[in-house]
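Results of the structural survey
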Amino acid sequence: MADDKDVLRDVWFGRIPTCFTLNQDEVTEREAEPYYLLLPRVSYLTLVTDKVKKHFLKVMKAEDVEEMWFEYEGTPLKWHYPIGVLFDLHASNTVLPWSITVHFKSFPDSDLLHCPSNSVIEAHFMSSIKEADALKHKSQVVNDMQKKDHKQLWMGLQNDKFDQFWAMNRKLMEYPTEEGGFRYIPFRIYQTMSDRPFIQKQFRPVSPEGNVHTLGSLLKEMYPAAIPSDGEQKRYQVMIHGIEPLLETPLQWLSEHLSHPDNFLHICIIPTPTD
Amino acid sequence: MSSCVLEEESFHRCCQLLLQQSQQLGDGWSWEPVQGSQEGYLRKTALRSVAIDPRPVRDQAGSSSDCGQEEEQSAPVASADADTIRSDAEDEDDEDEGVCAACDGGSQVLQYEYHVLFSCSYRTPVLYFRASTLEGRSLSLEEVWGSVHPNFRVRLQSSPLSTVTQQEHPLLGQPFFMLHPCRTEEFMRPVLQAAQDQHRPVNYVLTWLSVVGPVVGLDVPLQYSTQLHPAASVCMDPADDGPG
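All values derive from a computational prediction rather than experimental measurement.

It is worth spelling out the overall build of chain A at this point. A count of helices and strands for chain A gives 9 helices and 9 strands. For chain A, the C-alpha radius of gyration of 20 Å lies close to 19 Å, the compact-globule estimate for 275 residues. Referenced to the eigenvectors of the C-alpha coordinate spread, the extents of chain A come out at roughly 65 × 50 × 35 Å. Of all 275 residues assigned to chain A, the portion counted as buried reaches 55%. For chain A, long-range pairs separated by at least 24 residues make up 71% of all intrachain contacts whose partners lie at least 6 apart in sequence. Accessible surface for chain A amounts to roughly 12800 Å². Of this, 50% is attributable to carbon and sulfur atoms. Looking at chain A, you have 29 positive and 39 negative side-chain charges, and the mean spots of the two groups are 6 Å apart.

When you go through chain B residue by residue, the secondary structure sums to 8 helices and 6 strands. Order of helices (α) and strands (β) in chain B, N terminus to C terminus: α-β-β-α-α-β-β-α-α-β-β-α-α-α. For chain B, the residues scored as buried account for 53% of the 244 residues in total. A separation of at least 24 residues holds for 72% of the contacts in chain B among residues at least 6 apart in sequence. Surface exposure of chain B reaches about 10900 Å², of which carbon and sulfur atoms provide 50%.

Let's shift gears to the pattern of salt bridges. One pass over the full model with this rule turns up 17 salt bridges over all chains. The residue Asp160(A) makes a salt bridge to Arg15(A) at a minimum N-O spacing of 2.7 Å. With a gap of 145 residues between them, Asp160(A) in the loop between helix 6 (147–158) and helix 7 (162–172) and Arg15(A) in strand 1 (residues 15–22) connect regions that are remote in the sequence. You can call Arg15(A) partly exposed: its relative accessible area is 29%. Salt bridges linked by common partners bring Arg196(A), Lys201(A) and Glu39(B) together as one network.

Let us now look at the packing of helix 6 (residues 184–197) of chain B against helix 7 (residues 204–212) of chain B. Relative placement of two packed helices is described by the angle separating their axes and the distance separating the axes. Residues and elements named next belong to chain B. Viewed as axis vectors pointing N to C, helix 6 and helix 7 meet at an angle of 115°, and their least axial separation amounts to 11 Å. Once helix 6 is placed against helix 7, the crossing between them reads as right-handed. Note on element contacts: helix 7 touches helix 6 through Tyr204, Thr207, Trp208, Val211 and Val212, opposite Thr184, Phe187, Met188, Val191 and Leu192. For the contact of helix 6 with helix 7, the per-class residue count stands at 8 nonpolar, 2 polar and no charged.

As annotated by UniProt and renumbered to match this structure, "domain: Autophagy protein ATG5 UblA" (unreviewed entry) occupies residues 11–104 of chain A. Measuring from the first to the last C-alpha atom of residues 11–104 of chain A gives 31 Å, for a span that is 20% helix and 28% strand.

Scoring rules and cut-offs
- Residues numbered from 1 in each chain as written.
- Chains lettered and ligands numbered in written order.
- Predicted model: local features only at pLDDT ≥ 70, side-chain atom pairs only at ≥ 80, totals over all residues.
- Heavy atoms only, no water.
- Helix = DSSP H or I, 4+ residues; strand = E, 2+ residues; numbered from the N terminus.
- Rg over C-alpha atoms; globule rule 2.2 N^0.38 Å.
- Buried < 20%, exposed > 50% of the residue type's maximum accessible area, 1.4 Å probe, protein only.
- Contact = heavy atoms within 4.5 Å.
- Areas by Shrake-Rupley, 256 points an atom, 1.4 Å probe, with all protein chains shown as cover.
- Lys, Arg positive; Asp, Glu negative; His and termini not counted.
- Charge placed at Lys NZ, Arg CZ, Asp CG, Glu CD.
- Salt bridge = Lys/Arg side-chain N within 4 Å of Asp/Glu carboxyl O.
- Axes fitted to C-alpha atoms, helices over the stretch in contact; angles between N-to-C directions.
- Left-handed = near helix turned anticlockwise from the far one by under 90°.
- Nonpolar A, V, L, I, M, F, W, Y, C, P; charged D, E, K, R; others polar.
- UniProt positions renumbered as here; feature names shortened; annotations may be inferred.

Laid out in structure tokens, this is it:
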């Protein structure tokens, strides 16, 4: 199992080199230099961009500054999705660094949730963990935790403390051996080809006949188009944390090792690049 | 002991029954299917005259994750029901006159849009809503809290309904406000249990809506209950817990 522990670290410390540029319509007192940052894949945009904000505020007047938001090639970026999901969904197969545009006005109310403070991110994060545990353990593990345990999960993420986070998170990853996995796998399948933001349903790690469900069996049920039929060219890439796991990978293993800190397995389906 | 969760299939059945009654009562519920799937949601829009309360409401962020365990247990079902099912509900145009009379501040007409979705994680219905002015400006979370009647606000802070947060609508991908479902099963359990013990028919979605709706200005006319047709309306599920 030593190797599997390394997977957790690799997932946690995944970074995306990013270049933040100020939207050219913003009113500035002098030219704004771009700002470069390594973004943690498992964190949230609004949680790790204090420096970006400070950088651009230096060239702006206070009265020209409203709530900060981010955009990539015309798409407002949803801060409540993990950063890695946003990148895989919108920008994989493009050149690095990832080029994000920063806005301080015209907040797109109809596309983005407001994020006035870190406590809103914390609420969103904890609510995802609770929802995941409702699926995995009928909420029993998360309800047995104390307030300080919840805080430990959040602080671990906020301060990028792998050991602090996983000391608590491993409890959320336990299950009775005889059942072969969680009750249901918390997953979300994202794609950009329709208005529906993601697919989320109940799916067990093991079939009623006792067969282990794989990534392939999940997709077959939820998004059959993602699985190439014989002889057909691959139309879609199925990405988790920027890689394409084998469709034969057991879902329970993926849930334990490739879930984001919010305890959901976020799966992106993107059209195969044509060139 | 029976479980008080709702399966997706029963959710759809409850919604169908509610829609049939809504058609008779003419109170405007419709079913919005999601393209290319079996899924969908109940939808209703309403104009509300809302008193704008200038007082600050509460720390919106800090408490929003706390649909938690440590909050005190009150008995919201009985009390909320008694207070909020209004006897004059048939008078649709005037439905908020009581609210206005109770407040000194100005009032404003707002457009509310309510959606009832099924949460497959919590296996409960969930109420999503958004509100805008007649000019089309969306209301912020603070303004939405401000439009909740003060009496409700006080009670909300110590009840299982205590959480209104802004969330992404899981079918539309747009920001909506949501009453958090994580304690729905808890407050529905006694109602369903009692109904089952007395062999009384109960429409889970309707009963639930009559509890959570009034919090955000959505009244459920009493006729839904008085016209309830016994033969067709048992919408509760037997326990289905699967392995484990």
